[in-house]
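# Descriptive structure summary
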Amino acid sequence: SDESPTTCNSPAAPCLTLHKAIASAIAGDNIYVAEGLYLVTGLPVELNKNITILGGWNAAFTSQTGFSTLDGNGSTGTLVQIKKNAVIERFIFKNRSLGIDISDGETCPISAAVTLRQSSITGMIGEGGLRNCGTLSIINSTIGNNQGIAGAIDNDFGTLTIQNTTITKNISTNGQFGAGGINNN
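Remember, predicted model here, so these are calculated numbers, not experimental data.

In the structure shown here, the tally under the stated rule is 2 disulfides. The side chain of Cys8 participates in a disulfide bridge whose partner is Cys15; the two sulfur atoms lie 1.6 Å from each other. On the S-S bond that ties Cys8 to Cys15, the torsion sits near 105°, and the link is right-handed. Cys8 gets classed as partly exposed once you look at its relative accessible area, which sits at 22%. What pairs with Cys108 in a disulfide is Cys133, and their sulfur atoms sit 1.8 Å apart. Where Cys108 bonds to Cys133 through sulfur, the torsion about that S-S bond is close to 45°, and the disulfide is right-handed.

Dropping the structure here:
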């Protein structure tokens with residue numbers, strides 16, 4: 001838990017968790033995340049405001065030199081829940097039941113516009129890599145080695161644009177009613 005009083009507005013006083021950074025941000029803010037491994041246990045990382053999250057920054061926050069990894073540690077449930085407009089760049093999402101869920105948790109479709117850029121979703125076992133109920137653009141990314149109802153992507157009444165992205169080695173566990181790559185409802 002990150003109960004520190006920091007405002008998270010400089011590299012000298014960073015938030016200790018992504019949850020705290022999102023809670024401290026206001027709509028339209030950019031959140032810069034240092035490269036490294038971040039374990040996500042319990043509740044998912046929830047994006048409930050219009051926000052940009054840029055990962056892979058070096059320790060001085062002067063350049064993006066790598067990736068920030070959100071690891072669900074094999075837990076059940078969703079790793080990242082997106083309810084509003086978001087841009088996510090240079091992240092690796094891995095090891096949970098569902099990687100990214102773009103929905104309000106109740107109805108589809110929703111009005112969220114999400115861009116996932118230079119990122120990877122891998123190792124999701126249970127529900128698959130990604131569920132989309134919004135407008136999603138996936139650019140220069142990889143979605144691979146996921147297992148679930150839709151394998152890689154369950155495009156659940158959403159709008160999906162894919163550019164320069166590899167979707168590979170995903171498995172549907174939904175028999176004849178699912179797709180290993182993209183399940184488009």
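Resuming the write-up.
So, about the pattern of salt bridges. All told, the structure shown has 4 salt bridges when counted by the stated rule. Arg117 is paired through a salt bridge with Glu89; the nearest N and O atoms lie 2.8 Å apart. Taken together, the positions of Arg117 in strand 8 (residues 113-117) and Glu89 in strand 6 (residues 86-89) put the pair 28 residues apart, joining distant regions of the chain. Judged by its relative accessible area of 10%, Glu89 falls in the buried class. Here the residues in one salt-bridge network are Asp101, Arg131 and Asp156, joined through shared partners.

Take Arg96: it is sitting in strand 7 (residues 91-102). The buried charged residue Arg96 lacks any salt bridge partner; its closest oppositely charged side chain belongs to Asp71, at an N-O distance of 8.2 Å. Within polar-contact distance, the side chain of Arg96 engages the backbone oxygen of Val40 at 3.1 Å.

This part covers the packing of aromatic side chains. The full count for this structure, using the stated rule, is 2 aromatic pairs. Both rings, one in Tyr32 and one in Trp57, keep their centres 5.2 Å apart while their planes meet at 80°; by these two values the pair is edge-to-face. Placement of the pair is Tyr32 in strand 1 (residues 30-34) and Trp57 in strand 4 (residues 51-57), with a sequence separation of 25 residues. Overall, Tyr32 belongs to the partly exposed group, its relative accessible area being 41%. For Trp57, a relative accessible area of 12% puts it in the buried group. The cationic tip of Arg90 hangs over the ring face of Phe67; the distance from NZ or CZ to the ring centre is 4.8 Å.

Inspection of the sheet shows strand 6 paired to strand 8 by 4 bridges, in the parallel sense. From the neighbouring strand, Glu89 faces strand 8, where its bridge partner is Arg117. The pairing of strand 8 with strand 11 (residues 135-139) spans 5 bridges and is parallel. By the bridge assignment for strand 11, Leu116 is matched with Ile138.

A word on the environment of Ala23. Within the secondary structure layout, Ala23 lies in helix 1 (residues 18-24). Expressed as a C-alpha distance, the spacing of Ala23 and Leu47, which sit 24 residues apart in the sequence, is 9.1 Å.

Here we come to unusual backbone geometry. With an omega dihedral of 0°, the bond running from Cys108 to Pro109 counts as a cis peptide bond. Of note, Pro109 is situated in the loop between strand 7 and strand 8. Even without glycine at this site, Asn95 takes up a positive phi of about 65°. Among the structural elements, Asn95 can be located in strand 7. Its identity as a non-glycine residue notwithstanding, Lys169 has a phi of 55°, on the positive side.

As a further point, take the pairing of strand 10 (residues 128-132). Buried residues dominate strand 10, accounting for 4 of its 5 residues. Pairing geometry for strand 7 and strand 10, over 4 bridges, is parallel. Opposite Asp101, over in strand 10, you have Arg131 as the bridge partner. As judged from the 3 bridges shared by strand 10 and strand 14 (residues 153-155), these two strands associate in the parallel manner. Looking at strand 14, one finds that Arg131 is bridged to Asp154.

About the criteria used
- Numbers given for residues are sequential positions, taken from 1 along each chain in its written order.
- Residues qualify for local features only when their pLDDT is at least 70, as the model is predicted, and side-chain atom pairs are given and counted only at 80 or more; totals for whole chains, interfaces and linings, by contrast, use all residues.
- Hydrogens and water molecules were not included; the side-chain quantities draw on all heavy atoms of the structure.
- The rule for a disulfide is simple: a pair of cysteine sulfur atoms within 2.5 Å.
- Per-residue accessibility, obtained with a 1.4 Å probe over protein chains only, is compared with the maximum for each type, and a residue is labelled buried under 20%, exposed over 50%, and partly exposed between these values.
- By convention in these notes, a salt bridge is any Lys or Arg side-chain nitrogen within 4 Å of a carboxyl oxygen on Asp or Glu.
- Segments assigned H or I by DSSP are reported as helices when at least four residues long, segments assigned E as strands when at least two residues long, and all are numbered from the N terminus.
- Asp and Glu count as negative and Lys and Arg as positive, but His and the ends of the chain are not part of the count.
- N or O atoms closer than or at 3.5 Å make up a polar contact, with two conditions inside protein: a donor-capable atom paired with an acceptor-capable one, and, for residues adjacent in sequence, both atoms drawn from side chains.
- Stacked, tilted and edge-to-face are the three classes applied to pairs of Phe, Tyr and Trp rings, where Trp contributes its six-membered ring and a pair requires centres within 6.5 Å; stacked means planes under 30 degrees apart, edge-to-face means over 60, and tilted covers the rest.
- Charge-over-ring placement is defined geometrically: NZ (Lys) or CZ (Arg) within 6 Å of the ring centre, and within 35 degrees of the ring normal.
- For two strands to be treated as a pair, DSSP must find at least two bridges joining them.

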